[in-house]
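# Reading the structure
One letter stands for each residue in the lines below.
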Amino acid sequence: MNKILVIGDVILDQYILGSINRISPEAPVPVVKYDNIVSVLGGAANVAANLEALSANYEGLFVISSKVSKEYHGLYNKLQNVTYLLSDTIGITQKTRVMVSENQQLARLDIDNAVPLSSIDTTAYLQAIKTRLESNKFTYLVIADYCKNLLTDAMIVEIMQYAKQNNVKVLVDTKRKNIRPYAGAYLITPNEKELLEIKSGSMHDITYCLVTKGKNGMLLTSNQPETLYACDALPVQNPDVSGAGDTFTSAFTLKYLETKNIDESITFANEMASIVVSKRGVSTPK
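What counts as what
- Residues numbered from 1 in each chain as written.
- Predicted model: local features only at pLDDT ≥ 70, side-chain atom pairs only at ≥ 80, totals over all residues.
- Heavy atoms only, no water.
- Pairing = 2+ DSSP bridges.
- Helix = DSSP H or I, 4+ residues; strand = E, 2+ residues; numbered from the N terminus.
- Axes fitted to C-alpha atoms, helices over the stretch in contact; angles between N-to-C directions.
- Contact = heavy atoms within 4.5 Å.
- Salt bridge = Lys/Arg side-chain N within 4 Å of Asp/Glu carboxyl O.
- Buried < 20%, exposed > 50% of the residue type's maximum accessible area, 1.4 Å probe, protein only.
- Parallel < 35°, antiparallel > 145°, perpendicular 65-115°, else oblique.
- Left-handed = near helix turned anticlockwise from the far one by under 90°.
- Nonpolar A, V, L, I, M, F, W, Y, C, P; charged D, E, K, R; others polar.

## Details of the sheet that holds strand 7 (residues 105-111)
Spatially, four strands are ordered 3-2-6-7 in an open sheet, and the strand pairing comes out mixed. The open sheet has two free edges, formed respectively by strand 3 (30-43) and strand 7, since each of these has just one partner strand. On average, each strand axis in the sheet is tilted by 20° relative to the strand beside it, whichever way the strands run. Relative to strand 7, strand 6 (residues 94-99) is paired through six bridges, and the arrangement is antiparallel. Each residue of the ladder has a partner; that of Arg97, found in strand 7, is Arg108. Most of the contacts of helix 1 (residues 44-53) go to strand 3, to which it runs at about 70°, and overall it touches strand 2 (10-23) and strand 3.

Shown next, in the form of structure tokens:
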């Protein structure tokens, strides 16, 4: 028991580092002198990386494309407690940011997986999740759902049933506008923009909603109308918010597992997130 299972979309985050010293003669755009490229794992894998950095007792269970280039195999294998299921059908989700100074992002180039899991891969992933949740080793299930064609509504409903049957609390970070499939979740963590996009009434059966508000802190409410807790953001100069939500989810889950205290867990997660946003790119607090 007292173990955290993480599932969801894995993203490859890349940073092209360079500098600008002139404007192109071909078009009114800056010419970036390439210096270096840095690759890290984002999305659900960043949640796992943060849990690992915080010495949490966790396991990550992810599906990735079998077409991942060999040059990235070492990156994927850096995480110690992660199992990857390989799929021949899905593609790679990748975010490439062009950085021209410590915290100045010039552009972002996205490749999104557009192909859903095959029925065979779906069955294999659901079975692997079910087996782990039935093992009585896990207290929490963290779902990092970036809507990259991995988890369907039907899969989520089935996963939520597995969690309920095995008394596993579910914490959700999702980009979905309709979150009815997550009915019964213990906590959902939208930012302000995501909260506005969530369809009315779809959070009725979710115990807690923790809204992250950037520099304005965060607000915790329950499925009752009253506010339960508000927390100011810690001041950070020139913040880079890439991956901050992953850090917050990881730190909150870990601290709540230890203390069962919502306020203390939010405060700890807020501190860890402030460390991460002071760094460049997707990172961990340690």
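Further notes follow.
## Looking at the pattern of salt bridges
The tally for this structure, following the rule as stated, stands at 11 salt bridges. The closest approach of N and O atoms between Arg97 and Asp13, which form a salt bridge, is 2.8 Å. Highlighted residues: Arg97 in strand 6 and Asp13 in strand 2, separated in sequence by 84 residues. Of the two residues examined, Arg97 and Asp13, each falls in the buried class.

## Overview of the packing of helix 3 (residues 119-133) against helix 4 (residues 153-165)
Between helix 3 and helix 4, the least distance of the axes is 9 Å, while the angle of their chain directions is 15°. Considered as vectors, helix 3 and helix 4 are oriented roughly parallel to each other. Crossing angle aside, the handedness with which helix 3 passes helix 4 is right-handed. Counted together, Thr122, Tyr125, Leu126, Ile129, Lys130 and Leu133 of helix 3 and Met155, Glu158, Ile159, Tyr162 and Ala163 of helix 4 form the full contact between these two elements. Tallied by class, residues from the contact of helix 3 with helix 4 come to eight nonpolar, one polar and two charged.

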